Amino acid sequence: VQLQAFGGGLVQAGDSLRLTCQLSGRTGSSYSVAWFRQAPGKEREFVATISKSGGRTLYADSVKGRFTISRDNAENTVNLLMNSLKPEDTALYYCAARFTTGNSWSQYDSWYDNWGQGTLVTVSS
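Residues numbered from 1 in each chain as written. Predicted model: local features only at pLDDT ≥ 70, side-chain atom pairs only at ≥ 80, totals over all residues. Heavy atoms only, no water.

A. Representation of the packing of aromatic side chains within the structure. This structure, assessed with the given rule, holds six aromatic pairs. Taking 6.5 Å as the distance between ring centres and 75 degrees as the angle between the ring planes, the aromatic pair formed by Y94 and W115 counts as edge-to-face. Taken together, the residues span a long stretch of sequence, with Y94 in strand 9 (residues 91–99) and W115 in strand 10 (residues 114–115) at a distance of 21 residues. We classify Y94 as buried; its relative accessible area is 16%. (Phe/Tyr/Trp six-rings, centres within 6.5 Å; stacked < 30°, edge-to-face > 60°. Helix = DSSP H or I, 4+ residues; strand = E, 2+ residues; numbered from the N terminus. Buried < 20%, exposed > 50% of the residue type's maximum accessible area, 1.4 Å probe, protein only.)

B. Expanded view of the state of the cysteines. Under the defined criterion, the tally for this structure stands at one disulfide. Two residues share a disulfide in this structure: C21 and C95, whose sulfurs sit 2.2 Å from each other. One disulfide, between C21 and C95, carries an S-S torsion of 70 degrees and so falls in the right-handed class. Placement of C21 in strand 3 (residues 17–24) and of C95 in strand 9 is noted, with a sequence separation of 74 residues between them. Accessibility classification places C21 together with C95 in one group, the buried group. (Disulfide = S-S within 2.5 Å.)

Encoded structure:
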């Protein structure tokens, strides 16, 4: 499967932004998908994940209540709606996927074996 992330941009603190991860090449509904981010000079960190059915989600504490992950398996897309953005949300955001036969997911980047190229989100204060 190939992943393409898009939707990043420059916004002000408090604004909203929606990122999209487009899955192509194989049936996206067979993949658990997650979003990770990496800020300059920092390690990559987990943001959110969603099971292949969309029935299970998990968020990092830093984004819980502000970000919402969802998927449209008919369109092979996974969205990350980011509300109340803060300057500390500034990072390169990546989507990642792993083929699963069950309904599992993970917050660990080593579990995912397919990665997109990243989309940059910059939040100004």
